[in-house]
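Now for the letters of each chain:
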Amino acid sequence: MRATVMYGAGDVRVEEVPDPRLREPTDAVVRIVRSCVCGSDLHPYHSMKRRDRGVPMGHEFLGVVEELGSEVSGLRRGDLVVAPFVWSDNTCAFCREGLHTSCRHGGVFGGAQAEAIRVPQAAGTLVRLPVAEDSALLPSLLTLADVYGTGHHAARLGRVGPGRTVTVIGDGAVGLLAVLSAHRMGAERIILMGRHTARTDLGREFGATDVVAERGEEGIERVRELTGGDGTHAVLEAVGHLPAYEAAVGVVRPGGVISRVGVPQYASAPVGFGSLFGGNITLTGGPAPVRAYIDELLPDVLEGRVEPGRVFDRTLGLDGTPEGYRAMDRREALKVLLTP
């Protein structure tokens with residue numbers, strides 16, 4: 001089959017690789033119908049050291065079940081399914097607590113930018129979708145694999161709710177879906193920090209009440225002006241670079257929450273008296289346990305109350321995946337949808 005592999009920074013190729021097969025009785029093989037390029041894929045695209053053997057890429061997909069291991073229950077061949085970006089058994093103590101990203105038998109997908117994929121722990125991981133594989137809802141359903149669930153995670157950990165004010169840092173797909181999630185949870189005011197007009201316009205349609213294009217100290221000052229000098233109750237940081245974290249510290253209200261879901265590209269950051277401790281600031285976040293949220297988020301997508309799939313602004317065939325990486329890296333595309 002054809003699959004996307006990365007050999008080093010900027011070197012993405014689509015090649016012939018062995019077809020996936022069942023290895024364990026808890027596995028499934030899924031034919032991929034839709035996948036995509038994630039903003040987090042751009043981190044190795046910038047920094048991966050060159051290697052002789054390519055790394056399979058992609059962790060978000062919808063597909064049709066082709067094969068099932070003997071111990072897989074609750075699924076049938078031909079089912080259209082969505083998979084969280086982390087596989088999990090959905091039964092261990094951590095999964096029962098809603099922390100599927102720490103499943104004792106789990107792991108992170110790689111290789112979803114391809115024609116097919118092996119799914120470990122299929123019964124606990126895959127969620128059956130009640131639509132056909134040509135449904136117009138597929139782009140929005142695909143966001144349940146990662147970006148919508150991650151935006152929801154940011155807002156949930158940020159304790160967003162009615163009467164709360166929110167700053168979202170980052171106008172990528174996760175940041176925009178954090179705006180959508182904060183709006184869905186009833187936030188009173190949502191300030192989106194981003195400077196790409198097409199994206200921030202979509203953010204306004206998702207529920208942002210204000211847009212701040214300035215960065216650094218100017219951006220912090222502008223958010224403070226908009227909030228009477230106080231800052232916001234929650235800051236949802238969807239970038240992952242240190243300046244975004246520093247901006248979060250600068251705009252959070254005393255007693256507020258900084259919720260980080262941008263994969264951090266730094267190992268240390270201010271957490272002392274002047275940054276977090278003195279203001280009673282809560283710092284939280286982490287990889288989203290998407291499997292815990294799908295059942296909650298799915299009905300609104302199926303019934304058209306939200307359209308998170310609007311973050312996809314370019315569609316390419318699988319052979320166009322390298323161009324998809326380039327387009328997202330150059331900010332020519334927000335998020336690229338792939339159709340194997």
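One can find the structure itself at the top, above this paragraph.
Residues numbered from 1 in each chain as written. Predicted model: local features only at pLDDT ≥ 70, side-chain atom pairs only at ≥ 80, totals over all residues. Heavy atoms only, no water.

Re the overall build of the chain
Part 1: Tallying secondary structure elements over the chain gives twelve helices and 18 strands in all.
Part 2: Its C-alpha atoms give the chain a radius of gyration of 20 Å, within 12% of the compact-globule value 20 Å for 340 residues.
Part 3: In terms of overall dimensions, the chain has a C-alpha envelope of 60 × 40 × 35 Å along the principal axes.
Part 4: Look at the contacts in the chain between residues 6 or more apart in sequence, and 69% of them connect residues 24 or more apart.
Part 5: In the structure as shown, the chain presents an accessible area of about 14,500 Å², 47% of it carried by carbon and sulfur atoms. (Helix = DSSP H or I, 4+ residues; strand = E, 2+ residues; numbered from the N terminus. Rg over C-alpha atoms; globule rule 2.2 N^0.38 Å. Contact = heavy atoms within 4.5 Å. Areas by Shrake-Rupley, 256 points an atom, 1.4 Å probe, with all protein chains shown as cover.)

Points about the pairing of strand E11 (residues 165-169)
One face of the sheet, then the other: side chains in a regular strand alternate in exactly this way.
Part 1: Of all five residues in E11, five are buried; the element is thus mostly enclosed.
Part 2: Neither face of E11 is open: one carries Thr-165, Thr-167 and Ile-169, the other Val-166 and Val-168, and all of them are buried.
Part 3: Note: E11 against strand E12 (residues 189-193), five bridges, orientation parallel. By the bridge assignment for E12, Thr-165 is matched with Arg-189. (Buried < 20%, exposed > 50% of the residue type's maximum accessible area, 1.4 Å probe, protein only. Pairing = 2+ DSSP bridges.)

Topic: the side chain of Asp-300
Part 1: Looking at the element boundaries, Asp-300 is found in helix H11 (residues 294-302).
Part 2: At 3.0 Å, the side chain of Asp-300 forms a polar contact with the side chain of Arg-184.
Part 3: Ignoring sequence-local partners within four residues, the contact set of Asp-300 consists of Arg-184, Arg-305 and Val-306. (Polar contact = N/O pair within 3.5 Å; in protein donor to acceptor, adjacent residues only side chain to side chain.)

Some words on the sheet that holds strand E14 (residues 232-237)
Sheets are built from strands paired through backbone hydrogen bonds, the pairs being either parallel or antiparallel.
Part 1: Ordered in space as E13-E12-E11-E14-E15-E16, the six strands form an open sheet in which the pairing is parallel. Each end of this open sheet is capped by a strand with a single partner; those strands are strand E13 (210-212) and strand E16 (282-285). With direction set aside, neighbouring strand axes in the sheet form an average angle of 20 degrees.
Part 2: Contacts from helix H5 (residues 147-157) reach E14, strand E15 (252-260) and E16, with the element oriented near 155 degrees to E15.
Part 3: Packed on one face of the sheet, helix H9 (residues 242-251) meets E11, E14, E15 and E16 and runs near 155 degrees to E15. (Axes fitted to C-alpha atoms, helices over the stretch in contact; angles between N-to-C directions.)

What is shown is where atoms sit, not what they do.
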